[in-house]
Amino acid sequence: MALARRVFLRASRSQWLARQLKERAFLRRAARRFLPGEDLGAALAEAANLGRAGLGSVLTQLGEQVTSHAEADAVRDHYLDVLGQIRARSLDAEISVKLTHLGLEAHEEACFHRLRALVDRAAALGGFVWVDMEESRYVDATLRLYRRARAERATVGVCLQAYLRRTPDDLDSLLRLAPAIRLVKGAYSESPAIAFPRKAEVDRQYAALAGRLLHQVPHGARAVFGTHDLRLIRRLEVAAAERGVPPNGYEIHMLYGIRPEDQRALAARGRKVRVLISYGTAWFAWYMRRLAERPANLWFVLRSLV
Ligand code: FDA
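Residues numbered from 1 in each chain as written. Predicted model: local features only at pLDDT ≥ 70, side-chain atom pairs only at ≥ 80, totals over all residues. Heavy atoms only, no water.

With that settled, the discussion passes to the packing of aromatic side chains. Counted according to the given criterion, the structure contains 5 aromatic pairs. Considering the side-chain rings of Phe34 and Tyr287, the 6.0 Å spacing of their centres and the 50 degrees angle between planes classify their relative orientation as tilted. Here the residue Phe34 occupies a position in the loop between α3 (25-31) and α4 (40-52), and Tyr287 occupies one in helix α12 (residues 284-293), the gap between them amounting to 253 residues. Each member of the pair, Phe34 as well as Tyr287, carries the same accessibility label: buried. For the ring pair Trp283 and Tyr287, a centre distance of 6.3 Å and an interplane angle of 75 degrees mean the geometry is edge-to-face. Residue Tyr287 is classed as buried on the basis of its relative accessible area of 0%. (Phe/Tyr/Trp six-rings, centres within 6.5 Å; stacked < 30°, edge-to-face > 60°. Helix = DSSP H or I, 4+ residues; strand = E, 2+ residues; numbered from the N terminus. Buried < 20%, exposed > 50% of the residue type's maximum accessible area, 1.4 Å probe, protein only.)

Here it is in structure tokens:
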């Protein structure tokens, strides 16, 4: 793993650094490139803007590793409200949650009940809930809760990370459920025993997994490719055509602030595109992961410093 990536991923886990840097105006200015604001109102307004340009969105409140039941309940209640607001404003928006934000570490069963409340509300309101994938130590529990939620409702999808060596097996076992899967490369620091360390290997596994996922689209799978990698997207377009999957039979999801012109260009070409909009005050760890993905983003930090 490149040194810069390692440094940023290590920084993302430091509470001390978060406390030191989060209130610094230059870092807040730099982070604003990737989030329209800290409050839900800013995210909803941006979802409406994107909707006018033909793009859907996915809303996520930043936060992870919540260990108090009261705090996790508050996160659930926040998202219940978000689902209501999406419906009230007729937005083409879904939500995405991290299970550790919903208290996975404190109590798996309580976390499942919070997830189920969201998935049930989404079913009642015509919404949809995505479950993010976090560090590898949470994968088993995340897939366990996803399977339980999916057995009850179709309004839930899960993210899989192509960098994990185990993901081909996970994908195969999920495909029987006619699942909704958002395939990403993977954003955390993992050992080479667990995740491919080289980008070329990750890209190769991503393409192979994407092919298997596309194959299941006619059998009810929802295939979402969470990537900004345009070369890969072109390969996926070819792979989809070869398998007889029409251009609107799969989706491309990107992060707010990354390749916005390409997001619009893909939508203009008839691709289904959603933009994942993050908001909230707990942005430090998440922003460090964005720097790790592309250390050149450090220039934006330095520019906002001067
Ligand atoms: P790659 O890293 O190869 O980048 C391709 C190109 O995209 C780069 O050359 C650059 O131009 C641009 N780019 C990528 N990242 C950038 C950045 N930070 N800043 C500026 N430009 C950038 N991960 C995870 O582990 N669990 C999850 O639940 C999710 N969820 C998720 C949802 C969605 C909708 C997306 C798009 C991504 C995630 N991720 C994630 C993050 C994912 O794992 C991955 O780290 C990033 O998407 C970067 O990988 P790319 O596929 O974009 O390719």
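Next up on the list: the nonpolar core. The biggest cluster of nonpolar side chains holds 80 residues, and the ones touching the most others in it are Leu59, Val97, Leu115 and Phe225. The leading source of residues in this core is helix α9 (residues 199-215), at 7 residues. Residues contacting Phe225, with those up to four places away along its chain left out, are Leu183, Tyr206, Ala210, Leu213, Leu214, Leu236, Tyr250, Glu251, Ile252 and His253. Among the nonpolar cores identified, the runner-up in size contains 27 residues, and Phe8, Leu9, Ala11 and Phe284 belong to it. (Core = buried A, V, L, I, M, F, W, Y, C linked by side-chain atoms within 4.5 Å. Contact = heavy atoms within 4.5 Å.)

A separate point is the site of the ligand. Residues in contact with the ligand amount to 26 residues; listed here are only the nearest, Gly186, Lys199, Thr227, His228 and Glu293. At a separation of 2.6 Å, an oxygen atom of the ligand approaches a polar backbone atom of Gly186. Here Ala187 contributes a backbone N or O atom positioned 3.0 Å from an oxygen atom of the ligand. Protein coverage of the free-state accessible area of the ligand, which is 930 Å², stands at 88%. Broken down by secondary-structure element, the contributors of at least two residues to the shell around the ligand are β4 (156-161), β5 (180-184), β7 (250-255) and α12. Counting residues per element, the shell around the ligand draws most heavily on β7, at 3 residues. The residue makeup of the shell around the ligand, split by class, is 10 nonpolar, 7 polar and 9 charged. (Near = heavy atom within 4 Å. Polar contact = N/O pair within 3.5 Å; in protein donor to acceptor, adjacent residues only side chain to side chain. Areas by Shrake-Rupley, 256 points an atom, 1.4 Å probe, with all protein chains shown as cover. Nonpolar A, V, L, I, M, F, W, Y, C, P; charged D, E, K, R; others polar.)

Side chains of Leu298, Trp299, Leu302 and Leu305 sit close together on the surface and give an oily, nonpolar patch of about 420 Å² of accessible area. Here Leu302 is to be found in helix α13 (residues 298-305). (Patch = residues over 30% accessible without salt bridge, like charges linked within 9 Å, V, L, I, M, F, W, Y side chains within 5 Å. Salt bridge = Lys/Arg side-chain N within 4 Å of Asp/Glu carboxyl O.)

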